Structures are given as structure tokens and as C-alpha cells.
Amino acid sequence: MSDLIYDPDICRNISVDIRYVLFIIDKFAGAGHLIDEMTIVE
């Protein structure tokens, strides 16, 4: 929505490196089976 109508009072963005997200899914969430199902291109 912020691409169409930008309101600085309510628009928030969070940027995260996808490698960190995959690490958290694998190590801390204990969901390595989800990583195994993905096709990850390096």
C-alpha cells in the first residue's frame, strides 16, 4: 500500500537478508524439513 499512498505515520518496512531468515528457520525454529523442500540456488 505504501507504494500507492505513502503515509509516514503508519508505513513501516523491515529489511532482512534472506540467508538469515533461512538460518533461523533451520537452526532455531527446528524446521529444517522446510529448507530441504526448497530449491535454493547459490
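Everything here concerns the structure above.
As a convention, each chain's residues are numbered from 1 in the sequence order in which they are written. The predicted origin of the model limits local features to residues at a pLDDT of at least 70 and limits the giving and counting of side-chain atom pairs to 80 or more, whereas totals for whole chains, interfaces and linings rest on all residues. Side-chain metrics in this entry use all non-hydrogen atoms of the structure; hydrogen atoms and water are not considered.

**Description of the overall build of the chain**
- A count of helical and extended segments in the chain gives two helices and zero strands.
- Seen through its principal axes, the chain has C-alpha atoms that stretch 40 × 20 × 15 Å.
- The Shrake-Rupley method, run with a 1.4 Å probe, gives the accessible areas here. Residue values count only the displayed protein chains as cover. If you sum the accessible surface of the chain, you get close to 4200 Å²; carbon and sulfur atoms cover 57% of it. Note on conventions: DSSP H or I runs of at least 4 residues are helices, E runs of at least 2 residues are strands, and numbering of each starts at the N terminus.

**Section: the packing of aromatic side chains**
- The rule is short: rings of Phe, Tyr and Trp, with Trp giving its six-membered ring, pair when the centres are within 6.5 Å, and they are stacked under 30 degrees, edge-to-face over 60, tilted in between. With the rule as written, the count across this model stands at one aromatic pair.
- When the centroid spacing of 5.8 Å and the interplanar angle of 80 degrees are considered together, the rings of Phe 23 and Phe 28 count as edge-to-face.
- Categorising residues by exposure relies on relative accessible area from a 1.4 Å probe, with only protein chains included: less than 20% of the type maximum marks a residue as buried, more than 50% marks it as exposed, and the intermediate range marks it as partly exposed. Phe 28 gets classed as exposed once you look at its relative accessible area, which sits at 64%.

**Some thoughts on the pattern of salt bridges**
- Salt bridges are identified by distance alone: a Lys or Arg side-chain nitrogen within 4 Å of an Asp or Glu carboxyl oxygen. All told, the structure shown has two salt bridges when counted by the stated rule.
- Between Asp 17 and Arg 19 there is a salt bridge whose closest N-O contact spans 2.5 Å.
- By relative accessible area, which is 37% here, Asp 17 ends up partly exposed.
- Note that Lys 27 is salt-bridged to Asp 26, the shortest N-O span being 3.7 Å.
- Judged by relative accessible area, Asp 26 falls into the partly exposed class, the value being 31%.

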